[in-house]
Amino acid sequence: MVALRDAAREAMTRAYAPYSQFRVGAALQVADGAVFVGCNVENSAFPSGICAERGAVAAAVAAGHRGLARLVICTEADVPTPPCGVCRQVLVEFAPSLDIHSFTASGAEARWSLADLLPHPFTPQSLHHL
Ligand code: THU
């Protein structure tokens, strides 16, 4: 877990967040133990930016990993922050009860199951109910 926290913290330092000044780092461990990181990358055309968590998911999937084991998030906020709604939806596609751990640069931490953060999700199975 320390390695995941270090990876998330390091990714946070690489965030490109000149507009919000809210830097986020994410470390995503996949089923075989490999770790993929992401940071938020903002854009002057604001909606074009992407969150740290989705960056990490994209990196894992592009490397051939769809089995997600745990996600660690790091920010500089006062309180640990959960993933945003869009990221919850992207995560639930691959890991409906993903273990999520969020911590801050000052040491505060929180844990959630994605199942609690996103109850009654829309999933691939939802498409089979036509
Ligand atoms: N952000 C993330 O990277 N992850 C989240 O789950 C919430 C928000 C980023 C998006 C934007 O660059 C900045 O934080 C402020 O919203």
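Quick note: structure is the one above.
Residues numbered from 1 in each chain as written. Predicted model: local features only at pLDDT ≥ 70, side-chain atom pairs only at ≥ 80, totals over all residues. Heavy atoms only, no water.

Across soluble globular proteins, nonpolar side chains have a tendency to be buried as a group. Within the largest apolar cluster, 20 residues are counted, with the highest numbers of intra-cluster contacts made by Leu-28, Leu-68, Leu-71, Leu-91, Leu-98, Ile-100 and Leu-114. Listed by contribution, the elements that provide at least two residues to this core are strand 1 (24-30), helix 2 (52-62), strand 3 (68-75), helix 3 (85-92) and helix 4 (114-117). In contact with Leu-71, not counting residues within four places along its chain, are Ala-26, Ala-27, Leu-28, Glu-53, Leu-91, Leu-98, Asp-99, Ile-100 and His-101. The next biggest cluster of nonpolar side chains, apart from the first, holds eight residues, and it includes Ala-27, Val-72, Cys-74 and Phe-103. (Core = buried A, V, L, I, M, F, W, Y, C linked by side-chain atoms within 4.5 Å. Buried < 20%, exposed > 50% of the residue type's maximum accessible area, 1.4 Å probe, protein only. Helix = DSSP H or I, 4+ residues; strand = E, 2+ residues; numbered from the N terminus. Contact = heavy atoms within 4.5 Å.)

A sheet is described by the order of its strands in space; here five strands give the open sequence 2-1-3-4-5, paired in mixed fashion. Two strands bound the open sheet, and with one partner strand each, they are strand 2 (35-39) and strand 5 (109-113). Ignoring which end each strand starts from, the neighbouring axes of this sheet average 15 degrees apart. In this sheet, strand 2 lies alongside strand 1 in antiparallel orientation, the contact comprising five bridges. Residue pairing for strand 2: Ala-26 is matched across the bridge by Gly-38. Across the sheet, helix 1 (residues 2-13) lies against strand 1, strand 2, strand 3, strand 4 (99-104) and strand 5, angled at about 140 degrees from strand 1, the strand it touches most. (Pairing = 2+ DSSP bridges. Axes fitted to C-alpha atoms, helices over the stretch in contact; angles between N-to-C directions.)

Its location among the elements puts Gly-38 in strand 2. A sequence separation of 16 residues divides Gly-38 from Arg-54, and the C-alpha atoms of the two residues are 7.3 Å apart. Those residues within four positions of Gly-38 in sequence are excluded, and the remaining contacts are Ala-11, Val-24, Gly-25, Ala-26, Ala-52, Gly-55 and Ala-56.

Here we come to the layout of surface pockets. Within this model, the largest pocket holds a volume of roughly 300 Å³. If you go around the largest pocket, you meet 19 residues; those closest to its centre are Val-24, Asn-40, Glu-42, Ile-50 and Cys-51. Broken down by class, the residue content of the lining of the largest pocket amounts to 11 nonpolar, five polar and three charged. (1 Å grid on protein atoms, 1.4 Å probe; cavity = no way out; pocket = protein on both sides within 12 Å on 5 of 7 lines; lining within 4 Å. Points joined across faces, edges and corners; volume = space filled by probe spheres on them. Nonpolar A, V, L, I, M, F, W, Y, C, P; charged D, E, K, R; others polar.)

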